[in-house]
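Structural description and commentary
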Amino acid sequence: MTAALVNVFALSFIAAMLAAVMLIAWRSFGKPRYAMIWAFAFAVATLEWASNLFIRFFAGDDPLLFSLIVGLCCLSNALIAIGFVQRARAQTSMTPLLIAAFAAAGLITTIVFFFPQRDLRDAVWLYFAGTMLVIGAGSVTRSLRKAPLPERATVAMLVLFAVVDFGLGTLALGQGSSGEGEGYLLFRTLLVLLYPLAFIGVGLFAVFLVAADLAEKMRLLATSDELTGIYNRRGFEESAERAIRNAQRQRQPLALVIADIDSFKTVNDRHGHSTGDRALKHFASRIERMVRRGDLIGRIGGEEFALLLINSRAQDALEVVERIRRDIAAMPVEGRAQIVMTASFGVTGLRPGGISLATLLARADRALYRSKLDGRDRVTSAEDLDERI
C-alpha cells in the first residue's frame, strides 16, 4: 500500500472521529449551531475520503466520481468556514459560501470533462480550500490584540494552514496538464506530507475552540447572577480586586457603591416572588443603563447590589448615584402592579495606602446603613460620615 493510500485511509478515520466529537459537543454543550455545522463538515469530509479510497481501488480515473469527490471537498471546506462565521455572527447567511463551494466544484468539473488539465484542476481546489481558511481566520475574533489565547492560536494556525494550501496550489501549476511536468513529483510529495497535517490541524483547533468556548461559558455561569445576568458576588469580587490593583498601580481614583432596595420583603409578601424577581431584574437593568461600559455591577446579596465606578472620585460618584436613585424611584416595575421602588446607597472612594476590597465594602456598607437610618431612599458618602466624627 502506498503512502498516499495510507494517508487517505487515515484521513477517512480521523474525519469520522472529528465529526463524532463535534456531534457530541453539539449535543452535550447547549447545541451551539457552529458545532453542528462543523460536525456536518467533517461528515462530508469522511464521505470525501472514503470515496477517494473507492476510486483508487475500484474506479480508476472515472471523471464523474472524481467530480463528486471534488464537490464534497469544496463543500467540506466551505462548511468549515461557515462554522467559524456562525460562531462569530450566528445570524449570518450561509448562502454566499455555499454558492462559492458549488461554483468552485462546477469550475473543477468543467476542467475535468472539457479541459482535462491536472494542474488547473488541483490548483483550483487548493486555492479554494486556502480561501475558506482565510475567511475562517478572519471570523474567529474582531480584535486579535484583545482576543483570548485560544482564539489567537486558532487564527495563527488557520493562517498557517491557508499558506500551506496556497503554496500547494502554486506548486500544482508546475506539474503539467497531465502530470508530466518537472514539478509533479515535488507537488505530489508535499501534498501527501502537508495537506493531511493541515486538515487534521484545522479539525483539532476547531475542537480546541469548542472546548475553550465551553470553558468560558462555565466561567461565566460561575461568576454571573442567573436572575439578572450581572456579576454574582464571586464574579464581582474577582473583577473588583483586579480593578483596585490596576487603579493603585496607575494612581487612578475609584469609587465603590453599595445599593439596597428599600422594603424589598414587602414586595415579595404583597405581590409574590415572581414579581420580586421581576423587580430585581428591573433594578439591575436600570443601573446598567446609567453607568459606563467599563464599570462593574454585581448582585452581592438578595436585594443588595454593588457598583465599582472606574476612574471616578467619590464626589463624582455621588452625582452618578444620585441620578440612579432618582431614576429607580421614577420608573415603576413593568407589570400589572406597577410597583414603584426606592433604594438606599452607600458610597466610598479608594484612598491612598492600598485599601483592600473588604475595607471598601465595609466603609460603603457603613454609609448604606446610615442611609437606612436616615429614612431610606437616599445616598450617603462614607467620606462625609468621617468628617462628622
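Residues numbered from 1 in each chain as written. Predicted model: local features only at pLDDT ≥ 70, side-chain atom pairs only at ≥ 80, totals over all residues. Heavy atoms only, no water.

A look at the packing of aromatic side chains
With the rule as written, the count across this model stands at nine aromatic pairs. With a centroid separation of 5.9 Å and an interplanar angle of 85°, the aromatic rings of Phe 205 and Phe 208 are classed as edge-to-face. Remark: Phe 208 and Phe 205 occur in helix H7 (residues 184–223); sequence separation between them is three residues, near one turn of the helix. For Phe 208, a relative accessible area of 38% corresponds to the partly exposed category. The interplanar angle of 50° and the centroid separation of 4.8 Å between the aromatic rings of Phe 283 and Phe 305 together place this pair among those described as tilted. With Phe 283 in helix H10 (residues 273–290) and Phe 305 in strand E3 (residues 304–310), the pair connects residues that are 22 residues apart, well separated along the chain. Residue Phe 283 is classed as buried on the basis of its relative accessible area, which comes to 0%. The class for Phe 305 is buried, based on a relative accessible area of 0%. Within the aromatic cluster, the residues linked to one another by ring pairs are Phe 42, Trp 49, Trp 125, Tyr 195 and Phe 199. (Phe/Tyr/Trp six-rings, centres within 6.5 Å; stacked < 30°, edge-to-face > 60°. Helix = DSSP H or I, 4+ residues; strand = E, 2+ residues; numbered from the N terminus. Buried < 20%, exposed > 50% of the residue type's maximum accessible area, 1.4 Å probe, protein only.)

Looking at the packing of helix H4 (residues 95–114) against helix H5 (residues 118–140)
Close contact between H4 and H5 brings their axes to 9 Å; oriented N to C, the two are set at 170°. Considering their axes alone, H4 and H5 lie roughly antiparallel with respect to each other. Contact residues: Leu 97, Ala 100, Ala 101, Ala 104, Leu 107, Ile 108, Ile 111 and Val 112 in H4; Leu 120, Arg 121, Val 124, Trp 125, Phe 128, Met 132 and Ile 135 in H5. Here the contact of H4 with H5 is composed, by residue class, of 14 nonpolar, no polar and one charged. (Axes fitted to C-alpha atoms, helices over the stretch in contact; angles between N-to-C directions. Parallel < 35°, antiparallel > 145°, perpendicular 65-115°, else oblique. Contact = heavy atoms within 4.5 Å. Nonpolar A, V, L, I, M, F, W, Y, C, P; charged D, E, K, R; others polar.)

Points about H7
With 40 residues, H7 extends 57 Å between its outermost C-alpha atoms, agreeing within 8% with the 58 Å of an ideal straight helix rising 1.5 Å per residue. By the largest-angle criterion, Leu 191 marks the main kink of H7, which is about 35°. (Expected span 1.5 Å × (residues − 1). Bend = angle between axes of the 7 residues up to and from the residue.)

Considering the packing of helix H3 (residues 63–88) against H7
The geometry of H3 relative to H7 is characterised by a closest axis approach of 12 Å and an angle of 25° between their N-to-C directions. Our classification of the angle between H3 and H7 gives roughly parallel. In this structure, H3 crosses over H7, and the sense of that crossing is left-handed. Within the contact between the two elements, H3 uses Cys 73, Asn 77, Ile 80, Phe 84 and Arg 87 and H7 uses Tyr 195, Val 202, Leu 209 and Asp 213. (Left-handed = near helix turned anticlockwise from the far one by under 90°.)

A look at the sheet that holds E3
Spatial ordering of the open sheet is given by E2-E3-E1-E4-E5, a layout of five strands whose pairing is mixed. Only two strands of the sheet have a single neighbouring strand rather than two, namely strand E2 (296–299) and strand E5 (379–381). Neighbour-to-neighbour, the strand axes of this sheet turn through a mean angle of 15°, independent of strand direction. Bridge analysis of strand E1 (residues 254–261) against E3 gives seven bridges, and the strand direction is antiparallel. Its bridge partner lying in E3, Leu 254 is registered against Ile 310. Packed onto the sheet, helix H8 (residues 233–250) meets E1, E2 and E3 and runs at close to 150° relative to E2. (Pairing = 2+ DSSP bridges.)

Comments concerning the nonpolar core
Counting 62 residues, the largest nonpolar core has Trp 38, Phe 42, Trp 49, Cys 74, Leu 126 and Tyr 195 as the members making the most contacts within it. Among the elements of the structure, helix H1 (3–28), helix H2 (33–59), H3, H4, H5, helix H6 (149–172) and H7 are those that each provide at least two residues to this core. Ranked by the residues each element gives to this core, the list is headed by H3, at twelve residues. Once you skip the residues sitting within four places of it in the chain, Phe 42 turns out to touch Ala 15, Leu 18, Ala 19, Met 22, Ile 80, Phe 199 and Gly 203. Membership of the second largest hydrophobic core comes to 29 residues, among which are Ala 255, Ala 284, Phe 305 and Ile 324. (Core = buried A, V, L, I, M, F, W, Y, C linked by side-chain atoms within 4.5 Å.)

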